[in-house]
Amino acid sequence: CCLDDDSACPETKPECDFPPGSSYCTYSPDYDCYSGGWPACCLDDDSACPETKPECDFPPGSSYCTYSPDYDCYSGGWPACCLDDDSTCPETKPEC
């Protein structure tokens, strides 16, 4: 109601639909695992989430951008494309 200008808000705050921690959709965002920070079902109001949290979009080790940082090779720890959301990384890891 507070986000809808056409509705009056009640005097006492209503209970949350999903109290913090009751659903993985209320956890902090995890951009290392999910491109949108949460599983896609959490970001789509028209879809229901499964009871079990979905697998990561980027499983650890599936991309060199998920490897441990290498500061001896890259000043930021990873190739520049991994650190820039506007870049697309090449399939092969860039040389040092």
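Throughout this description, residue numbers start from 1 for each chain and increase along the sequence as written. With pLDDT at 70 or above as the cut-off, local features in this predicted model cover only qualifying residues; side-chain atom pairs require 80 or more to be listed or tallied, and sums for whole chains, interfaces and linings still use all residues. No hydrogens and no water enter the side-chain calculation; it runs on all heavy atoms of the structure.

A. A look at the overall build of the chain. The helix count covers DSSP runs of H or I at least four residues long, the strand count covers runs of E at least two residues long, and both are numbered beginning at the N terminus. Summing up its helical and strand segments, the chain has 2 helices and 0 strands in all. Residue burial is assigned from relative accessible area. The probe radius is 1.4 Å, only protein chains are included, and a residue is buried under 20% of its type maximum, exposed over 50%, and partly exposed in between. Classification of the 96 residues of the chain by burial places 14% in the buried group. For the chain, the exposed surface amounts to about 7,900 Å²; the carbon and sulfur share of it is 49%. Computed with the Shrake-Rupley method and a 1.4 Å probe, the accessible areas treat only the protein chains shown as cover for residues.

B. How the structure looks around the layout of surface pockets. A 1.4 Å probe that fits into a set of points on a 1 Å grid over the protein atoms alone but cannot get out defines a cavity; an open set with protein on both sides within 12 Å along at least five of seven lines defines a pocket, and lining residues are those with an atom within 4 Å of a point. Grid points are joined across faces, edges and corners, and a volume is the space filled by probe spheres set on the points. Looking at the largest pocket, its volume works out to about 560 Å³. Lining of the largest pocket is provided by 16 residues; of these, Tyr31, Phe58, Cys65, Cys82 and Asp85 occupy positions nearest its centre. Grouping the constituent residues of the lining of the largest pocket by class yields 9 nonpolar, 4 polar and 3 charged. Any residue outside Ala, Val, Leu, Ile, Met, Phe, Trp, Tyr, Cys, Pro, Asp, Glu, Lys and Arg is labelled polar, Gly included; the first ten of those are nonpolar and the last four are charged.

C. Structural view of empty space enclosed by the protein. What the rule picks out here adds up to 1 cavity of 30 Å³ or more. Estimates place the volume of the largest cavity at around 40 Å³. Every residue lining the largest cavity is listed: Tyr24, Tyr27, Ser28, Asp30, Tyr34, Gly37, Trp38, Pro39 and Lys53.

D. Spotlight on the state of the cysteines. When the sulfur atoms of two cysteines come within 2.5 Å, that pair is taken as a disulfide. Taken as a whole and judged by the stated rule, the model has 6 disulfides. Residue pairing for Cys33: its cysteine sulfur links by disulfide to Cys56, the two sulfurs lying 1.7 Å apart. Here the S-S torsion is close to -100 degrees, and the disulfide linking Cys33 with Cys56 is therefore left-handed. One end of the pair, Cys33, is in the segment before helix H1 (40-43); the other, Cys56, is in the loop between H1 and helix H2 (80-83), with 23 residues separating them in the sequence. Classification of Cys33 by relative accessible area gives buried; the value is 5%. Between the sulfur of Cys41 and that of Cys49 lies a disulfide, 2.1 Å long from S to S. The disulfide joining Cys41 to Cys49 has a torsion of about 110 degrees about its S-S bond and is therefore right-handed. Residue Cys41 is classed as buried on the basis of its relative accessible area of 12%.

E. The environment of Cys89, seen in detail. Take Cys89: it is sitting in the segment after H2. Since its relative accessible area comes to 26%, Cys89 is described here as partly exposed. Spatially, the C-alpha atoms of Cys89 and Cys65 are 8.7 Å apart, while their sequence positions differ by 24 residues. Throughout, a contact is declared for two residues whenever any of their heavy atoms are within 4.5 Å. Beyond its immediate chain neighbours, meaning those up to four positions away, Cys89 contacts Tyr64, Cys65, Cys81 and Cys82.

Interpretation in functional terms is not warranted from these geometric data alone.
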